[in-house]
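Report on the structure
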Amino acid sequence: MAVEEARQFRSPKRSLGELDAEAAATLIAATADVALVIDADGIVCDLAVGGDGPAVEGCADWVGQPWKDTVGADSRRKIEELLHDAAKKLPIRWRQVNHPSSSGDDIPMLYSATQIGSKGRIVAIGRDLRATAALQQKLLDVQQSMERDYLRLRHAETRYRLLFQMAAEAVLI
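Below, the structure is looked at part by part. In this text, all values refer to a predicted model and were calculated from it rather than measured experimentally.

1. Here we look at helix 3 (residues 76-87)
Spacing of three or four residues puts side chains on the same side of an α-helix, whose turn is 3.6 residues. Look at helix 3: 17 Å from first C-alpha to last across twelve residues, which is about the 16 Å you get at 1.5 Å a residue. When we look at burial in helix 3, the residues that qualify are Ile79, Leu82, Leu83, Asp85 and Ala86. Along the long axis of helix 3, the arc covered by the buried residues comes to 165°, so they all point the same way. Each element contacted by the buried residues of helix 3 is listed here: strand 1 (34-38), strand 3 (95-99), strand 4 (107-116) and strand 5 (121-128). Downstream of helix 3 by a residue or two, lysine 89 has a phi angle that is positive, lying close to 55°.

2. Observations regarding the pattern of salt bridges
In this structure the tally under the stated criterion is five salt bridges. Taking the shortest distance from any N to any O, the salt bridge between glutamate 80 and lysine 68 comes out at 3.5 Å. Taken as a pair, glutamate 80 in helix 3 and lysine 68 in the loop between strand 2 (44-49) and helix 3 lie far apart in primary sequence, twelve residues in all. The exposure class assigned to glutamate 80 is partly exposed, which follows from its relative accessible area of 37%. The closest approach of N and O atoms between arginine 95 and glutamate 81, which form a salt bridge, is 2.8 Å.

3. What to know about the nonpolar core
Leu36, Trp62, Trp67 and Tyr111 are the most contacted members of the largest nonpolar core, which totals 21 residues. Elements represented by at least two residues in this core include exactly strand 1, strand 2, helix 3, strand 4 and strand 5. Ignoring anything within four residues of it in the chain, the contact list for tryptophan 67 reads Leu36, Ile38, Gly42, Val44, Ile79, Leu82, Leu83, Tyr111 and Ala124.

4. Thoughts on unusual backbone geometry
What is expected of a backbone is that most residues other than glycine have negative phi and most peptide bonds are trans. Located in the positive-phi region is lysine 89, a residue other than glycine, with phi close to 55°. Within the element layout of this structure, lysine 89 appears in the loop between helix 3 and strand 3.

5. Some words on the packing of aromatic side chains
This model, assessed by the stated rule, comprises one aromatic pair. Seen in terms of ring centroids, tryptophan 67 and tyrosine 111 are 5.1 Å apart; in terms of plane orientation they differ by 85°. Their pairing is edge-to-face. With tryptophan 67 in the loop between strand 2 and helix 3 and tyrosine 111 in strand 4, this pair connects stretches of sequence that are 44 residues apart.

6. Comments concerning the pairing of strand 3
Burial within strand 3 is extensive, with four of its five residues counted as buried. Bridging between strand 3 and strand 4 involves five bridges; their strand directions are antiparallel. Of the residues in strand 4, the one forming a bridge with histidine 99 is isoleucine 107.

About the cut-offs
- Residues numbered from 1 in each chain as written.
- Predicted model: local features only at pLDDT ≥ 70, side-chain atom pairs only at ≥ 80, totals over all residues.
- Heavy atoms only, no water.
- Helix = DSSP H or I, 4+ residues; strand = E, 2+ residues; numbered from the N terminus.
- Expected span 1.5 Å × (residues − 1).
- Buried < 20%, exposed > 50% of the residue type's maximum accessible area, 1.4 Å probe, protein only.
- Arc of directions from axis to C-beta.
- Contact = heavy atoms within 4.5 Å.
- Salt bridge = Lys/Arg side-chain N within 4 Å of Asp/Glu carboxyl O.
- Core = buried A, V, L, I, M, F, W, Y, C linked by side-chain atoms within 4.5 Å.
- Phe/Tyr/Trp six-rings, centres within 6.5 Å; stacked < 30°, edge-to-face > 60°.
- Pairing = 2+ DSSP bridges.

See below:
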């Protein structure tokens, strides 16, 4: 089966036809760290927090607010693009957005959105990227540490080379 063929179910009505709203809600909540139902105006109508990870701080307060107001200023354009693409039924794309938190650190999330039904409602599936961000930060810290150690080693080698070049007599170190 080609990769492009596997992006969609072959016959969703036949294979998922028995799926009712409760089962769909359970499935969406189980597969997402945060799942949002958004109306045609971009207002969060409902949400579910799934998975074992911590919920996004303050997400319970998002219901009734425009989705773009729940993210940082740098992410608002991405939310607008997600909503636009979903409303136009364009292929699903994932976007990383940042939710502000009271601690001052942004909470990175990865979202995709798709329109459901005929009333313009959109379901947005969010994945928490804090664990990935923490691993990336550790990798960056290790790389910087290695670079500092390498720089110290180069300076020491340079000092010893100059010492040996300038010394007229033998030196034992």
